[in-house]
Amino acid sequence: MESGNGTKISNFLLLLGLSGESELQPLIFGLFLFMYLITVFGNLLIILAVSSDSHLHTPMYFFLSNLSFVDICFTSTTIPKMLWNIQTQSQVITYEGCITQMYFYILFAGLDDILLTVMAYDRYVAICHPLHYMVIMSPQLCGLLVLISWIMSVLYSLLHSLMVLRLSFCTDLEIPHFFCEIKELVQLAYSDTFLNNMMMQFGAGLLGGGTLTGILYSYSKIVSSIYRISSARGKYKAFSTCASHLSVVSLFYCTSLGVYLSSAGTHSSHSGAAASVMYTVVTPMLNPFIYSLRNKDIKRALKRFWGMETISR
């Protein structure tokens, strides 16, 4: 495979940024396999609960099931490859595999951002305009919002990938990370990366900053609306409908910001790789627990689902 100005690339070498100690590799393998399985099965249960229970066929749970699907895909872009590397004692990834992994990583990370913003808008309409909720959040609009989210993420990821493809690299490269992270990849190029760095900064501001601004604006309106409710019971009921989403948003953005702040402060790729575990693995794993533990409808649907499974046996 040739890159940029014709430099032939034989492979990339992924250095697992979590631990360089060989005796810790089995422990890391077991820990990440456990977290990956919990993430997949937890989010899969959310999808099954929403799809099997007609009471959950509402905009909020439609977006939640889409978020769960994206979380499964998001984690699956990095963890299976890392587990395979540990198991085979080979940390090599091909140039094509690296670009593919980077593309899907950016795609699903962007989808996470946009879907959380869409869910914030859904909560805004439900609390601030409850009488018109089902009219505004029609099935057509919900489907359109998800479709637009996919289109924006696909184009955003494709643009980044095409800009990386124009770069030139040395024959063999070492990436001090457990996956092909775009920032680490661009830093390894020996051609001019000015446009790539500008695009990353612009994209982070537009996608990350834009979605966060939308979420904060929605919740400012929600808080203002809740504050005007006279009864304490009404305030609690209104707030409880968005508590799970607010918890997930806080977890996702706090861990994401922590990664970039820590990497900017220490300038260490290894610390950045370790911090990346928080939002690439831990956050998708905790999302099903946050939504199921704080949501009676989800717990009721899961009980019905397992109850039907027991009867069918």
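For clarity, every value in this text was computed on a predicted model and none was experimentally measured. All residue numbers refer to position in the chain's written sequence, counted from 1. Under the rules for a predicted model, residues below a pLDDT of 70 receive no local features and side-chain atom pairs below 80 are neither given nor counted, while totals for whole chains, interfaces and linings still include all residues. Think of the side-chain values as coming from all heavy atoms in the structure, minus any hydrogens and water.

Draft legend 1. Main features of the packing of aromatic side chains. What counts as a ring pair is set by centres within 6.5 Å for rings of Phe, Tyr and Trp (its six-membered ring), and what kind of pair is set by the plane angle: stacked under 30 degrees, edge-to-face over 60, tilted for all other angles. Evaluation of the coordinates by the stated rule reveals ten aromatic pairs. Taken together, the ring pairs connect Phe-74, Tyr-105, Phe-178 and Phe-179 into an aromatic cluster.

Draft legend 2. Main features of the packing of helix α1 (residues 25-52) against helix α2 (residues 59-76). The N-to-C vectors of α1 and α2 enclose an angle of 155°; their axes lie 9 Å apart at closest approach. Of the possible angle classes, the one that applies to α1 and α2 is roughly antiparallel. At the point where α1 passes α2, the crossing takes the left-handed sense. Listed contacts from α2 to Tyr-36, Thr-39, Val-40, Asn-43, Leu-44, Ile-46, Ile-47 and Val-50 of α1 are Tyr-61, Leu-64, Ser-65, Ser-68, Phe-69, Asp-71, Ile-72, Thr-75 and Ser-76. Here the contact of α1 with α2 is composed, by residue class, of ten nonpolar, six polar and one charged. Under this scheme, a helix contributes an axis fitted over its contacting stretch, all axes are lines through C-alpha atoms, and angles between N-to-C directions fall in the 0 to 180 degree range. Elements are defined by DSSP. Helices are runs of H or I of four residues or more, strands are runs of E of two residues or more, and each kind is numbered from the N terminus. Reported orientations rely on four angle classes, namely roughly parallel under 35 degrees, roughly antiparallel over 145, roughly perpendicular from 65 to 115, and oblique for the rest. Crossing handedness follows the turn of the near helix against the far one: under a right angle anticlockwise gives a left-handed crossing, and clockwise gives a right-handed one. Contact definition: two residues touch when any of their heavy atoms are within 4.5 Å. Note that Gly is not counted as nonpolar here; it falls among the polar residues with everything else outside the nonpolar set of Ala, Val, Leu, Ile, Met, Phe, Trp, Tyr, Cys and Pro and the charged set of Asp, Glu, Lys and Arg.

Draft legend 3. Looking closely at the nonpolar core. Take the buried residues of types Ala, Val, Leu, Ile, Met, Phe, Trp, Tyr and Cys, join any two whose side-chain atoms come within 4.5 Å, and each joined set is a nonpolar core. Working definition: with a 1.4 Å probe on protein chains only, accessible area under 20% of the residue-type maximum means buried, over 50% means exposed, and in between means partly exposed. The biggest cluster of nonpolar side chains holds 81 residues, and the ones touching the most others in it are Phe-32, Phe-63, Leu-116, Val-164, Phe-169, Leu-185 and Ile-298. No other element matches the 20 residues that helix α4 (residues 95-128) contributes to this core.

Draft legend 4. Main features of the UniProt feature "transmembrane region" (unreviewed entry) in the protein chain. With numbering matched to this structure, UniProt assigns "transmembrane region" (unreviewed entry) to residues 27-50, 62-83, 103-121, 133-159, 198-217, 238-261 and 273-293. The straight-line gap between the two end C-alpha atoms of residues 27-50 is 35 Å; of that span, 100% is helix and 0% is strand. Secondary structure over residues 133-159 splits into 93% helix and 0% strand, and the C-alpha atoms at its two ends are 36 Å apart. UniProt positions are given in the numbering used here, feature names are shortened, and annotations may be inferred rather than shown by experiment.

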